[in-house]
Amino acid sequence: HRRIVILISGRGSNMQTLVQACREQDWPAGIAAVISNRADAPGLAWASGQGIATAAVPHRDYPTREAFDTALAEEIDRHAPDVVILAGFMRVLTPGFVRRYAGRLVNIHPSLLPAFPGLHTHAQALATGVQAHGCTVHFVTPVLDHGPVIAQGVVPVLAGDTAETLADRVLEVEHEVFPLAVRWLVEGRARLGEEGRVEVEGVARRLVVW
Ligand code: GAR
């Protein structure tokens, strides 16, 4: 039985889909804890209401990124996770933190990477005029939003879209792709290979189309 720690910063809808999929699909894993850099994250209250261990490590309590990441890693390691999942976690992590969890640290990003790393991805997509947009689940490496891809979800950009309507459509596909990819990871089927390439045993297609 593998142990999953999920990091969030806010609403936590992606975290909720993982909790529900883990229970309903009988994953060989359990959610050991949900941790946030914001004590008032709505997702933290939800997780606690589900009987899941929660903790807050407020980034403002620490003078540097290194100090915050050290405190965060200490809290994470108390729960002895096999995998650490970033589900709407909005802090940039230091290389030391990323190395500590190499090959078992995964993020979901709301764009088809390598397009649109960083913030405001839906506004960036609209401004650029791309006709396909979506989300990426990837292993985290020290370069922000640039890790090897486990799975992607694609949605069309439609006439009249605003950043909000596009974000809603992308979120729908995030909620499908994320549990798939995290399940592959906890089943030990998705692996980060030597040359930074992802292999997923027995899966030919790692794309969800909205
Ligand atoms: C999601 O769209 C996720 O992809 C994005 O934040 C949102 C969190 O929503 N993550 C990032 O932008 C990471 N840089 P949620 O809290 O409801 O899961």
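Presented here is a report on the structure given in the accompanying data block. Predicted, not measured: the structure shown is a model, and the values here were computed from it.

### So, the side chain of Ser 111
The topology assignment puts Ser 111 in the loop between β5 (105-109) and α5 (121-128). Side-chain polar atoms of Ser 111 contact the backbone oxygen of Ala 115, separated by 2.6 Å. Those residues in contact with Ser 111, other than ones at most four positions away along the chain, are Phe 116, Thr 121, His 133, Gly 134, Cys 135 and Thr 136.

### Observations regarding the site of the ligand
The environment of the ligand is made up of Arg 11, Gly 12, Ser 13, Asn 14, Gly 88, Met 90, Ile 108, Pro 110 and Glu 174. A distance of 2.7 Å is found between an oxygen atom of the ligand and a backbone nitrogen or oxygen belonging to Gly 12. Here an oxygen atom of the ligand and a side-chain polar atom of Ser 13 are 2.5 Å apart. Burial of the ligand by the protein chains amounts to 86% of its free accessible area of 450 Å². When each cavity is represented as a set of grid points, the ligand is found to reside in the largest pocket. For the shell around the ligand, the per-class residue count stands at three nonpolar, four polar and two charged.

### Digging into the packing of aromatic side chains
Enumeration according to the criterion identifies two aromatic pairs in this entry. Relative to Phe 68, the ring of Tyr 62 lies with its centre 6.2 Å away and its plane at 50°, an arrangement referred to as tilted. Judged by centre distance (5.0 Å) and plane angle (55°), the rings of Phe 97 and Tyr 101 are tilted. Overall, Phe 97 belongs to the buried group, its relative accessible area being 3%.

### What about the side chain of His 59?
Relative to the helices and strands, His 59 is located in the loop between β3 (54-56) and α3 (65-77). The residues touching His 59, leaving out its near neighbours within four places in the chain, are Asn 37, Arg 38, Phe 68 and Arg 91.

### Observations regarding the layout of surface pockets
For the largest pocket, the calculated volume is near 920 Å³. Every residue lining the largest pocket is counted, 37 residues in all, and those nearest its centre are Gly 88, Phe 89, Met 90, Ile 108 and Pro 110. Counting only elements with at least two residues in the lining of the largest pocket, the list comes to α1 (13-24), β5, α5 and α6 (163-186). For the lining of the largest pocket, the element with the most residues is α6, which contributes four residues.

The rules behind the values
- Residues numbered from 1 in each chain as written.
- Predicted model: local features only at pLDDT ≥ 70, side-chain atom pairs only at ≥ 80, totals over all residues.
- Heavy atoms only, no water.
- Helix = DSSP H or I, 4+ residues; strand = E, 2+ residues; numbered from the N terminus.
- Polar contact = N/O pair within 3.5 Å; in protein donor to acceptor, adjacent residues only side chain to side chain.
- Contact = heavy atoms within 4.5 Å.
- Near = heavy atom within 4 Å.
- Areas by Shrake-Rupley, 256 points an atom, 1.4 Å probe, with all protein chains shown as cover.
- 1 Å grid on protein atoms, 1.4 Å probe; cavity = no way out; pocket = protein on both sides within 12 Å on 5 of 7 lines; lining within 4 Å.
- Sits in = over half its atoms within 2 Å of the grid points.
- Nonpolar A, V, L, I, M, F, W, Y, C, P; charged D, E, K, R; others polar.
- Phe/Tyr/Trp six-rings, centres within 6.5 Å; stacked < 30°, edge-to-face > 60°.
- Buried < 20%, exposed > 50% of the residue type's maximum accessible area, 1.4 Å probe, protein only.
- Points joined across faces, edges and corners; volume = space filled by probe spheres on them.

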